[in-house]
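# Examining the three-dimensional arrangement
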Amino acid sequence: MSEAPGRVVIVGASLAGLSAAKALRTEGFSGSLVLAGDEPHLPYDRPPLSKQALRGLTSADTTLPQPADLDLEFRLGVPATGLDRAERTVILADGSRLAFDRCLVATGARARPWPNSAEAALDGVFTLRTRDDAERIAARLRDRPGRVVLVGGGFISFEVASVCREMDIPVTVLVRDSLPLAGAVGAPLGSFVAEVARGAGVDLRLDAAIARMQGDARGRLAGLVLEDGDRIETACLVVAIGAERNTAWLDGAGLATDRNGLRCDRFCRALGADGTPADGIFAAGDVAHWPNPHDGGALVAVEHWGNAVAQARTAARNMLAGDAAALVPHDHLPDFWSQQFGLTIKLVGLAAGSDAFAVVRGSMEERRFLAVFGKAGRTVASASVDSARWLPAYRAAILEGAPFPPLPGGVDAPARVAMQSLEEPTR
Amino acid sequence: MRVVVDLNRCQAYAQCVYAAPRHFALHGREALVYDTAPDDADRAEIERAALACPVRAITACADDLAALDEAGR
Ligand SMILES: Cc1cc2nc3c(=O)[nH]c(=O)nc-3n(C[C@H](O)[C@H](O)[C@H](O)COP(=O)(O)OP(=O)(O)OC[C@H]3O[C@@H](n4cnc5c(N)ncnc54)[C@H](O)[C@@H]3O)c2cc1C
Ligand code: SF4
């Protein structure tokens, strides 16, 4: 892959795709640059969709800023249906073919649909991934539905519940597990969020599962019955049970895809089914499944904004790299934020698999604190609630693989650290 | 215009809120809420906010390309 590429095709016109396009131009790429996406919109930002945009606080138009001189050719509203590696061509649903020297797979993920398709089709049952989804839900919220039900114990569920409470709409959150968010941020933070949500008036049901949904004669959602027999009346339900990676269009391309996405190496090169880098094909963002150097090279699939941007930039540089020696590894330390119930929650590092947790600044009672996660005696992640300014110090500690708890004896050493070992390591 | 804030970077210093109070606000102690599509007429204000941010979390561009969205449909 030593010849300088003349044509780059990016499939997926969202955060990772646009970030890569910008980086390619910044790195001096002057060839033809096509950004193909199945949504009809210019690349837009998703995080506001479950927060401010849903509440109508600001514009629902979250189109991402785009320098005017990017010189991109957009192919919007048409999905890619195939990738011909031998011909170095991306095939679109309208039959057109886009030849490339380098291709970036940035097709992200979609909302996991409710498994019962008849129930999923009821008017009033939503998922939230796209701008169009957000517009539909926002319109429903403006009509003041009686009670909104959120299904799922992840961030999107709690963010939407928070918006509903701010609009004074009654809301129920159904979580299958005994704690929300425990998989992502561990049990102590999961129970903190649960308490905050309940304090804000959320009817939070743990260990709860839907037995069936009920529709009226006109196909509108009327209510649901839980497995424990309880009935909840609702005409608006948002299914927020995670995401599925968009790799189906790559079927038949001989690439290493599975439910975790498209496998790539640390240089963002997509791997073929045989495990070796596929010539000229790269991946970035939610669709990618990559070895994380901060976790001993364990494979991670991160569905966060910061990773999409960082990985796209690394992929862009590597797409232009003349030879293997010029490749740069993607060594981004995963991070994300969430805003809910007036609080900002941020996490840096990989809390998954951690075995210890300590609040090192502030306290959960004040709802303002910084916590660290340990794994086998090392600091692996840090979370802040309304204490973002402290995070960079702990990011540094995580990168150094500092002992847990970190920074002993330093200016910011806590008087007493209440150590907590996690009975059930976070997943 | 189009605005995006990298909220991983944002540390709620609120400098943007002082610079462009009609387009940036803090809800609670740290939850920054911002206008993703401010009017082009407010460009100077938005650019001041972007420059004021001590962690350079704000990206803004004039939206010459907005028309493309319609064309792309
Ligand atoms: C409601 C919501 C709130 C979020 N909040 C936060 C947050 O607070 N903090 C945070 O860190 N992260 C958050 N995220 C996650 C963040 O938005 C994602 O990590 C990010 O969007 C990933 O970008 P991406 O470009 O990799 O993928 P995506 O944004 O999923 O974009 C992929 C694009 O490719 C398109 N596509 C798919 N298949 C094809 C095909 N065959 N042909 C052509 N195009 C195709 C898709 O339609 C989509 O437009 C949130 C996500 C959602 C949905
Ligand atoms: S000035 Fe920057 S850091 Fe401060 S609130 Fe605004 S975006 Fe956040």
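Residues numbered from 1 in each chain as written. Chains lettered and ligands numbered in written order. Predicted model: local features only at pLDDT ≥ 70, side-chain atom pairs only at ≥ 80, totals over all residues. Heavy atoms only, no water.

Chain B goes by Ferredoxin in an unreviewed UniProt entry, where it is assigned to Methylobacterium radiodurans.

The name given to chain A in an unreviewed UniProt entry is FAD-dependent oxidoreductase, with the source organism recorded as Methylobacterium radiodurans. Of chain A, the UniProt comment under Cofactor (unreviewed entry) reads exactly: "FAD". (UniProt positions renumbered as here; feature names shortened; annotations may be inferred.)

Now for the interface of chain B and chain A. The partner chain A presents 39 residues to the 31 residues of chain B that form the contact. Carbon and sulfur atoms supply 52% of the area buried between chain B and chain A, which totals about 3,000 Å² over both sides. Its largest share of buried area at the contact with chain A, chain B owes to B:Asn8, B:Arg29 and B:Glu30, together 23% of the area lost on that side. Summed over the shared surface of chain B and chain A, the number is 2 salt bridges. (Contact = heavy atoms within 4.5 Å. Buried area = accessible area lost by both parts, 1.4 Å probe. Salt bridge = Lys/Arg side-chain N within 4 Å of Asp/Glu carboxyl O.)

This part is about the domain arrangement of chain A. Residue and element names in this part refer to chain A. If you check the domain split of chain A, you get domain 1 (7–110 + 243–326), domain 2 (113–239) and domain 3 (342–419). Here the C-alpha centre of domain 2 lies 31 Å away from the C-alpha centre of domain 1. Interface area for domain 1 against domain 2, summed over the two sides, is near 1,500 Å², with a carbon-plus-sulfur share of 57%. Area buried by domain 1 at its contact with domain 2 is led by Ser50, Leu54 and Arg55, which between them contribute 39% of it. Remark: the boundary between domain 1 and domain 2 carries 4 salt bridges. On the surface where domain 1 and domain 2 come into contact, there are 9 residue pairs in polar contact (both at pLDDT 80 or more). Of all elements in the fold, only strand E8 (109–111) and strand E17 (243–245) reach the threshold of two or more residues within the side of domain 1 that touches domain 2. Here the side of domain 1 that touches domain 2 is built from residues that sort into 6 nonpolar, 3 polar and 8 charged. (Domains from an automatic or database assignment. Polar contact = N/O pair within 3.5 Å; in protein donor to acceptor, adjacent residues only side chain to side chain. Helix = DSSP H or I, 4+ residues; strand = E, 2+ residues; numbered from the N terminus. Nonpolar A, V, L, I, M, F, W, Y, C, P; charged D, E, K, R; others polar.)

For the rest of this paragraph, the subject is the site of ligand 1. All names here are of chain A. Near ligand 1, the surroundings consist of 31 residues, among which Asp38, Glu39, Arg46, Lys51 and Arg129 are the closest. Ala16 is positioned with one of its backbone polar atoms (N or O) 2.8 Å from an oxygen atom of ligand 1. The set of elements that each furnish at least two residues to the shell around ligand 1 consists of helix H1 (15–26), helix H6 (305–320) and strand E24 (335–340). Considering only residue class, the shell around ligand 1 consists of 15 nonpolar, 9 polar and 7 charged. Formed jointly, the shell around ligand 1 draws a minimum of three residues from each of two domains, domain 1 (7–110 + 243–326) and domain 2 (113–239). (Near = heavy atom within 4 Å.)

All names here are of chain A. Strand order across the open sheet formed by 6 strands is E3-E2-E1-E7-E21-E20, with mixed pairing between neighbours. One side of each edge strand has no neighbouring strand; the edge strands of this open sheet are strand E3 (73–76) and strand E20 (269–271). Strand-to-strand twist in this sheet, taken as the mean axis angle between neighbours without regard to direction, amounts to 30°. As defined by bridge partners, strand E2 (residues 32–37) adjoins E3 across 4 bridges and the pair is classed as parallel. Of the residues in E3, the one forming a bridge with Gly37 is Leu76. Sitting on the sheet, H6 is in contact with strand E1 (7–11), strand E7 (102–105) and strand E21 (277–283), with an inclination near 145° to E21. (Pairing = 2+ DSSP bridges. Axes fitted to C-alpha atoms, helices over the stretch in contact; angles between N-to-C directions.)

So, on to the UniProt feature "domain: FAD/NAD(P)-binding" (unreviewed entry) in chain A. Per the UniProt record, "domain: FAD/NAD(P)-binding" (unreviewed entry) is found at residues 7–312 of chain A. Across residues 7–312 of chain A, the secondary structure splits into 22% helix and 30% strand, with the terminal C-alpha atoms separated by 17 Å.

Turning next to the site of ligand 2. By nearness alone, 13 residues border ligand 2, and B:Cys10, B:Tyr13, B:Ala14, B:Cys16 and B:Cys53 come closest of all. Class assignment of the residues belonging to the shell around ligand 2 gives a composition of 11 nonpolar, 2 polar and no charged.

With that out of the way, let us pick up the sheet that holds strand E5 (residues 89–92) of chain A. All names here are of chain A. The strand order across the open sheet built from 3 strands is E4-E5-E6, with neighbouring strands paired in antiparallel fashion. Taken across any chain shown, the strands that pair with only one partner, and hence form the sheet edges, are strand E4 (80–84) and strand E6 (97–99). The sheet shows a mean angle of 20° between the axes of neighbouring strands, direction not considered. The sheet contact formed by E5 and E6 spans 3 bridges and is antiparallel. Residue pairing in the sheet places Val90 in a bridge with Leu98 of E6.

All names here are of chain A. Inspection of the secondary structure assignment puts Leu150 in strand E10 (residues 148–151). Under the relative-accessibility criterion, Leu150 is labelled buried at 0%. As a C-alpha pair, Leu150 and Val385 span 235 residues in sequence and 23 Å in three-dimensional space. Apart from the residues within four sequence positions on either side, Leu150 is in contact with Ser157, Val160, Ala161, Val171, Thr172, Val173, Leu174 and Val238. (Buried < 20%, exposed > 50% of the residue type's maximum accessible area, 1.4 Å probe, protein only.)

Next up on the list: the confidence of the model for chain B. Residue and element names in this part refer to chain B. For chain B, the mean per-residue pLDDT works out to 87, and 86% of the residues sit at or above 70. Contacts from residues 66–73, a stretch scored under 50 in pLDDT, to residues over four places away or in other chains number 11 contacts. Model confidence for the complex: the whole-complex pTM is 0.94, and ipTM, which rates the interface, is 0.90. (pLDDT = per-residue confidence, 0-100.)

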